[in-house]
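Observations on the model geometry
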Amino acid sequence: MLINRLIAALPDTTIKENLPLSALCTLRVGGEAEIFAAPASIEDMRILFDIVMREGCPVYILGGGSNVLFPDGKIKGVVISTSNLNKIEWRTSITADIDAGFRLPSIMKELREHNLAGMEFAAGIPGTLGGAIAGNAGAGGHGVCELLDYVIAVESDGTIKTWDSSEIAYSYRKCSLSEGQRVIVSARMTFRGAKQKDAEVLESYLLRRGSQPHGLSNAGCTFKNPEGNSAGKLLDECGCKGLSAGDAVVSDMHANFILNRGNASASDILELIRICSRRVYDSTGIRLEPEIKIFSPGFCV
Ligand code: EPU
């Protein structure tokens, strides 16, 4: 059996069977991973990815769980978590090697301690660096991919490749590294010395974050902003605030946030995503594209 082979090949890696993913996702929904593995090192990640790729079973990469939606029920295949790859090593006064599982709020803390700047736009964004690179997470027209020197990834053929920033294409919530199957394991990032003005910029980002819902479980913005428009504004104008499906509800504070009132299922969230996108399409002709990474096979809005 695959799980026995993985346990034998990777004695230091956390490997579990039938692990509920809801506890690992900020929406607090999702079923059980048939196999869950959190490699102890980059080399373990390489061995694991090589084995599961050869096996040909479905593979899902899980970072901080703050922007993903797994379906209910049994999730066949292997969910690979980067949670044990979480080191940061400063190479120069402004350059650090950061593991994929290191969280953005922890990077922000490091920058404060080193009196560095350049990533103010990421203030208040949860999740891990790997997930943030894969989706070029950001705000205000900026994304984390801007700060990359290079990215190290485990490729689907079981090799480790270093992608120089010049080989990585990125745009709003997009990064070329997420096309194709690979696992981002680490990145080198360069920041700059902080100036007086950076503190104000950071404050303004935190202020905008403050006007977003907090308290109830959510996965941040549900849809990407369409070119030249705001998804939140469109959803609001189409009367989506307060719409619900089961225990999933559209926030009254910001229409691009779906909240789990406590007992929502992944199907409730998916249903609400469909309802909202249909409403916007019917009244504006604009097709909103989910920003949340939806792992349900065949799901389309
Ligand atoms: N608006 C409404 N009604 C709403 C929500 C928003 O009218 O219910 C209006 C606002 O008043 C504003 C405009 O829409 O005029 C834009 O709203 P906001 O400033 O909240 O920004 P956003 O474009 O909705 C983006 C990112 C957020 C990020 C904020 C602030 C996307 C999809 N969203 O939101 O990122 O926090 O800017 O920097 O790009 C996320 O990625 O998960 C996320 C929440």
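As shown above, the structure is provided for reference.
These remarks concern the structure in this document.

Rules and cut-offs
- Residues numbered from 1 in each chain as written.
- Predicted model: local features only at pLDDT ≥ 70, side-chain atom pairs only at ≥ 80, totals over all residues.
- Heavy atoms only, no water.
- Near = heavy atom within 4 Å.
- Polar contact = N/O pair within 3.5 Å; in protein donor to acceptor, adjacent residues only side chain to side chain.
- Areas by Shrake-Rupley, 256 points an atom, 1.4 Å probe, with all protein chains shown as cover.
- Helix = DSSP H or I, 4+ residues; strand = E, 2+ residues; numbered from the N terminus.
- Nonpolar A, V, L, I, M, F, W, Y, C, P; charged D, E, K, R; others polar.
- Pairing = 2+ DSSP bridges.
- Axes fitted to C-alpha atoms, helices over the stretch in contact; angles between N-to-C directions.
- Phe/Tyr/Trp six-rings, centres within 6.5 Å; stacked < 30°, edge-to-face > 60°.
- Buried < 20%, exposed > 50% of the residue type's maximum accessible area, 1.4 Å probe, protein only.
- Lys NZ or Arg CZ within 6 Å of the ring centre and 35° of its normal.
- Parallel < 35°, antiparallel > 145°, perpendicular 65-115°, else oblique.
- Left-handed = near helix turned anticlockwise from the far one by under 90°.
- Contact = heavy atoms within 4.5 Å.
- Salt bridge = Lys/Arg side-chain N within 4 Å of Asp/Glu carboxyl O.
- Arc of directions from axis to C-beta.

What follows covers the site of the ligand. The full set close to the ligand counts 20 residues, and Y172, Q212, C221, D236 and H254 are the nearest of them. The separation between an oxygen atom of the ligand and a polar side-chain atom of R209 is 2.9 Å. Take S230: an N or O atom from its side chain is 3.1 Å from an oxygen atom of the ligand. A total of 830 Å² of accessible area belongs to the ligand in isolation, and the protein chains cover 76% of it. When residues of the shell around the ligand are assigned to their parent elements, the largest contribution, three residues, is made by helix α6 (residues 231-237). When its residues are assigned to classes, the shell around the ligand shows six nonpolar, seven polar and seven charged.

We now examine the sheet that holds strand β1 (residues 14-20). One open sheet holds the four strands; their spatial order is β1-β2-β5-β3, and the pairing between them is mixed. Every interior strand has two partners, whereas the edge strands, β1 and β3 (59-62), have only one. Between one strand axis and the next, the sheet turns through 30 degrees on average, direction left out of account. With four bridges joining them, β3 and strand β5 (residues 74-81) adopt parallel strand pairing.

With respect to the element layout, S265 can be found in the loop between β20 (257-260) and α7 (266-284). Residues S265 and E179 lie 86 residues apart in sequence; the distance between their C-alpha atoms is 28 Å.

Attention now moves to the packing of aromatic side chains. This model, assessed by the stated rule, comprises four aromatic pairs. Consider the rings of Y60 and F295, whose centres lie 5.2 Å apart with planes at 80 degrees: the pair is edge-to-face. Highlighted residues: Y60 in strand β3 and F295 in the segment after β21 (293-294), separated in sequence by 235 residues. Given a relative accessible area of 14%, Y60 falls into the buried group. Here the aromatic residues Y60, F70 and F295 are joined through ring pairs into a cluster of three or more. One Lys or Arg, K161, reaches over the ring of W163 and ends 4.4 Å from the middle of that ring. Here the basic side chain of R287 rests over the ring of Y281, its NZ or CZ set 3.9 Å away from the ring centre.

It is worth spelling out the packing of helix α1 (residues 2-9) against helix α2 (residues 42-55) at this point. A packed helix pair is summarised by two numbers, namely the angle formed by the two axes and the spacing between the axes. Contact geometry of α1 with α2 gives a least axis separation of 10 Å together with a crossing angle of 160 degrees. One element, α1, and the other, α2, form an angle in the roughly antiparallel class. Read as a crossing pair, α1 and α2 show a hand that is right-handed. For the pair formed by α1 and α2, the contact residues are L2, R5, L6 and A9 on the first element and I47, L48, I51, V52 and E55 on the second. Its residues assigned to classes, the contact of α1 with α2 shows seven nonpolar, no polar and two charged.

The next thing to look at is the side chain of T13. Position of T13 among the secondary structure elements: in the loop between α1 and β1. Within the local environment of T13, its side chain forms a polar contact with the backbone nitrogen of A40, the two atoms lying 3.0 Å apart. Discounting residues that sit within four places of it in the chain, T13 has contacts with A38, P39, A40 and D44.

The backbone of N18 shows a phi angle near 50 degrees, a positive value even though the residue is not glycine. N18 sits in the partly exposed class, given a relative accessible area of 33%. Residues other than glycine seldom take positive phi values, yet R173 does so here, at roughly 55 degrees. By secondary structure assignment, the location of R173 is in the loop between β13 (170-171) and β14 (174-175). The exposure class of R173 is buried, given its relative accessible area of 18%.

Okay, the pattern of salt bridges next. Counted by the stated rule, this structure contains 18 salt bridges. A salt bridge links R91 to E89, with the nearest nitrogen and oxygen atoms 3.0 Å apart. A relative accessible area of 46% places R91 in the partly exposed class. What makes E89 partly exposed here is its relative accessible area of 34%. The salt bridge involving D97 is made with R188; its shortest N-O contact spans 2.7 Å. Taken together, the residues span a long stretch of sequence, with D97 in strand β7 (residues 95-99) and R188 in strand β15 (residues 182-190) at a distance of 91 residues. Taking the relative accessible area as the measure of exposure, D97 reaches 14% and is therefore buried. By sharing partners, the salt bridges in this structure join E89, R91, D97 and R188 into a single network.

Time to look at helix α3 (residues 104-113). Those residues of α3 that sit buried are L104, I107, M108, E110 and L111. Each buried residue of α3 lies within a common arc of 160 degrees when the element is viewed along its axis, so the set occupies one face. Facing away from the buried side of α3 by more than 90 degrees, the exposed set consists of R112 and E113. Immediately downstream of α3, the backbone of N115 shows phi near 55 degrees, a positive value.

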